[in-house]
Amino acid sequence: MFSWLAKIAAAFLGLRHYARMSRDEGDGDALLWSRDLVRHAAGEYSFAVVQANESLEDHSQVETGRDATFVGVYDGHGGPDASRFIADHLFLNLMRSVRESGTISEDVVRNAFSATEDAFLAHVRRTREIKPLIAAVGSCCLVGIIWKGTLYIANLGDSRAVIGCLGRSNNIIAEQLTKEHNASMEYVRRELMTLHPDDSHIVVLKHGVWRIKGLIQVSRSIGDAYLKRPEFTIDPSIPRFHLPESLKRPVLTAEPSICKRVLRPQDRFLIFASDGLWEHLTNQEAVEIVQNCPRPGIARRLVRTALHVAARKREMRYGDLKKIGKGIRRFFHDDITVAVIFIDHEHLLGSDSAAPQLSVRGFVDAAGPSEFSMLDGV
Ligand SMILES: *[C@@H]1O[C@H](CO)[C@@H](O)[C@H](O)[C@H]1NC(C)=O
Ligand SMILES: *[C@@H]1O[C@H](CO)[C@@H](O)[C@H](O)[C@H]1NC(C)=O
């Protein structure tokens, strides 16, 4: 009886906590949204997003379950359609896949990515009649799942996950858990040339920037249908998306890089962020900020630090930058999404009723119940 009441009270307090608006808290920046500190099964997390362009292309979510946590960062390009679609479908596809197999594994995660890609391509097929450029909309996709003490990371594109680990003398050390799929990296160009030995123009250097087929920098994504299947070729009257010859095979793939890691006591926290953050902060700078500053609002602090650097590069102050409205802001910085997930080892292995099963979406001020509840009893 008591534990039942306690659960209701905890859920109620949790919901009340989530319902609080957190846009613009103390920063005076109307484009900055955050959740300062929230419970999850294995500790606490902090979440922040800043918008740059007219429409927010970064979508993101943190889902808390009784004994699992899910983080997704989806950095869209060409419009928000693909990143929003991923936020609406990927986690659900993952929960279905976990339910079917009764557990989580690298294959289960891979299946959820490919189901999401297939569903998005079907969406493109249905909508391109009225919206032809949907075939050129895509998104990077970074996902982290903590499940019974094990971390799974799956990544497409150039968002990044970094873990902060305590070293021998209690110093914090950054370890990068993802590799970027960006044609500016030599290993990416080499991989593409190996996959397309008959295509001497698979990567092209134009104005000092390497692009796949001279068109795009990321080599893996959800969407970008016109670079995956000939049926999605865009009308040649739009030269921006014109391929010199028809596709023989996909030049972009939706095959994620996946890593699995059993979390160790020295693994203290994870930072998941879109490339907008990493453009201005090194991995080591970011983990030192997280290690040395108070937990509440730490994701917002990382975003704000990146904005200070972005402003300084243009010989401005953040105080002046934050008065600039969306759209124009895109000339100073990209959309930035940051989720900092603290791993508190005393919570890591037990189920914890104090963490409500909630879904929190980047830049959405109301939280809802999480689809993690689909796994109750699995
Ligand atoms: C910003 O948004 C506009 C209109 O939505 C779009 O045309 C443009 O490509 C975007 N800019 C960048 C750099 O993403
Ligand atoms: C790819 O990497 C380059 C160099 O680091 C960077 O400037 C660019 O923004 C990245 N591409 C994308 C699509 O983010």
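Definitions and cut-offs
- Just so you know, the residues in each chain are numbered from 1, in the order the chain's sequence is written.
- Working convention: letters from A go to chains and numbers from 1 go to ligands, in the order in which they are written.
- Only residues with pLDDT of 70 or above have their local features reported here, since the model is predicted, and side-chain atom pairs are shown and tallied only from 80 upward, although totals for entire chains, interfaces and linings are computed over all residues.
- Where side-chain values are given, they derive from all heavy atoms of the structure, hydrogens and water being excluded.
- UniProt positions are given in the numbering used here, feature names are shortened, and annotations may be inferred rather than shown by experiment.
- In these notes, a set of buried Ala, Val, Leu, Ile, Met, Phe, Trp, Tyr and Cys residues joined through side-chain atoms within 4.5 Å is what counts as a nonpolar core.
- For every residue, the accessible area obtained with a 1.4 Å probe (protein chains only) is divided by the maximum for its type, and the residue is called buried under 20%, exposed over 50%, and partly exposed between those limits.
- For the purposes of this entry, the term helix denotes a DSSP run of H or I that reaches at least four residues, the term strand denotes a run of E that reaches at least two, and both are numbered from the N terminus.
- Contact criterion: two residues are considered in contact whenever any of their non-hydrogen atoms come within 4.5 Å of each other.
- Stacked, tilted and edge-to-face are the three classes assigned to paired rings of Phe, Tyr and Trp, where Trp is represented by its six-membered ring and a pair needs centres within 6.5 Å; plane angles under 30 degrees give stacked, over 60 edge-to-face, the rest tilted.
- The span expected for a helix works out to 1.5 Å for each residue beyond the first.
- Two strands qualify as a pair provided DSSP detects at least 2 bridges between them.
- Think of each axis as a best-fit line through the C-alpha atoms, taken over the contacting stretch in the case of a helix, with angles from 0 to 180 degrees between the N-to-C directions.
- The predictor's confidence in any single residue is recorded as pLDDT, a number from 0 to 100.
- For this analysis, a polar contact is any N or O atom pair within 3.5 Å, provided that within protein one partner can donate a hydrogen and the other can accept it, and provided that sequence-adjacent residues contribute only side-chain to side-chain pairs.

- Taking an unreviewed UniProt entry as the reference, the protein is identified by name as protein-serine/threonine phosphatase belonging to Colocasia esculenta.
- The record held by UniProt for the protein lists under Sequence similarities (unreviewed entry) the comment "Belongs to the PP2C family."

1. Notes on the nonpolar core
Next, step 1: Residues Leu 94, Cys 141, Ile 145 and Ile 212 are the most contacted members of the largest nonpolar core, which totals 57 residues.
Next, step 2: Secondary-structure elements contributing two or more residues to this core are β4 (68–77), α2 (81–101), α3 (106–127), β6 (141–147), β7 (150–156) and α4 (186–195).
Next, step 3: Here this core gets 9 residues from one element, more than from any other, and that element is α2.
Next, step 4: Excluding anything up to four places from it in sequence, Ile 145 contacts Thr 69, Phe 70, Leu 94, Ile 104, Val 109, Thr 150, Leu 151 and Tyr 152.
Next, step 5: The next biggest cluster of nonpolar side chains, apart from the first, holds 33 residues, and it includes Val 50, Leu 307, Tyr 318 and Ile 324.

2. Thoughts on unusual backbone geometry
Backbone geometry follows two general trends: most residues other than glycine have a negative phi, and most peptide bonds adopt the trans configuration.
Next, step 1: Of note in this structure, Lys 148 is not a glycine but carries a positive phi near 50 degrees.
Next, step 2: Within the secondary structure, Lys 148 sits in the loop between β6 and β7.
Next, step 3: Judged by its relative accessible area of 49%, Lys 148 is partly exposed.
Next, step 4: With phi around 70 degrees, Phe 363 is a residue other than glycine that occupies positive phi space.
Next, step 5: Within the secondary structure, Phe 363 sits in the loop between β16 (358–361) and β17 (368–369).

3. Overview of the packing of aromatic side chains
Next, step 1: Across all of its chains, the model carries 6 aromatic pairs by this definition.
Next, step 2: Ring plane angle 65 degrees and centroid distance 5.2 Å describe the contact between Phe 85 and Phe 120, whose orientation is recorded as edge-to-face. Residue Phe 85 is found in helix α2, and its partner Phe 120 is found in helix α3; the two are separated by 35 residues along the sequence.
Next, step 3: Look at Phe 120 and you get buried, because its relative accessible area is 0%.
Next, step 4: Taken together, a centroid distance of 6.1 Å and an interplanar angle of 65 degrees make the contact between Phe 269 and Phe 342 edge-to-face. One end of the pair, Phe 269, is in strand β14 (residues 267–273); the other, Phe 342, is in strand β15 (residues 336–342), with 73 residues separating them in the sequence.
Next, step 5: What makes Phe 342 buried here is its relative accessible area of 4%.

4. Things to note about α2
Next, step 1: Between its terminal C-alpha atoms α2 stretches 30 Å, which fits the 30 Å expected from 21 residues at 1.5 Å a residue.
Next, step 2: Just past α2, the residue Gly 102 takes up positive phi, approximately 75 degrees.

5. What about the sheet that holds β14?
Neighbouring strands of a sheet are bound in pairs by backbone hydrogen bonds; such pairs are parallel or else antiparallel.
Next, step 1: Read from one edge to the other, the open sheet built from 6 strands follows the order β1-β2-β15-β14-β8-β9, with strand pairing classed as antiparallel. Taken across any chain shown, the strands that pair with only one partner, and hence form the sheet edges, are β1 (32–40) and β9 (172–176). Within the sheet, the average angular offset between the axes of one strand and its neighbour, ignoring direction, is 15 degrees.
Next, step 2: In terms of strand pairing, strand β8 (residues 160–166) meets β14 through 6 bridges, oriented antiparallel.

6. Some remarks on the confidence of the model for the protein
Next, step 1: The share of residues in the protein with pLDDT of 70 or more is 92%, and the mean pLDDT across the chain is 91.
Next, step 2: Segment residues 1–21: pLDDT under 50, and 19 contacts once partners within four positions in sequence are set aside and those in other chains are kept.

7. Some points on the environment of Thr 337
Next, step 1: Here Thr 337 is to be found in strand β15.
Next, step 2: Each residue touching Thr 337, except ones within four places of it in the same chain, is listed here: Phe 47, Ala 48, Val 49, Asp 58, Ser 60, Val 73, Phe 272, Ala 273 and Ser 274.
Next, step 3: Here Asp 58 takes part through its side chain, which lies 2.8 Å from a polar atom of the side chain of Thr 337.

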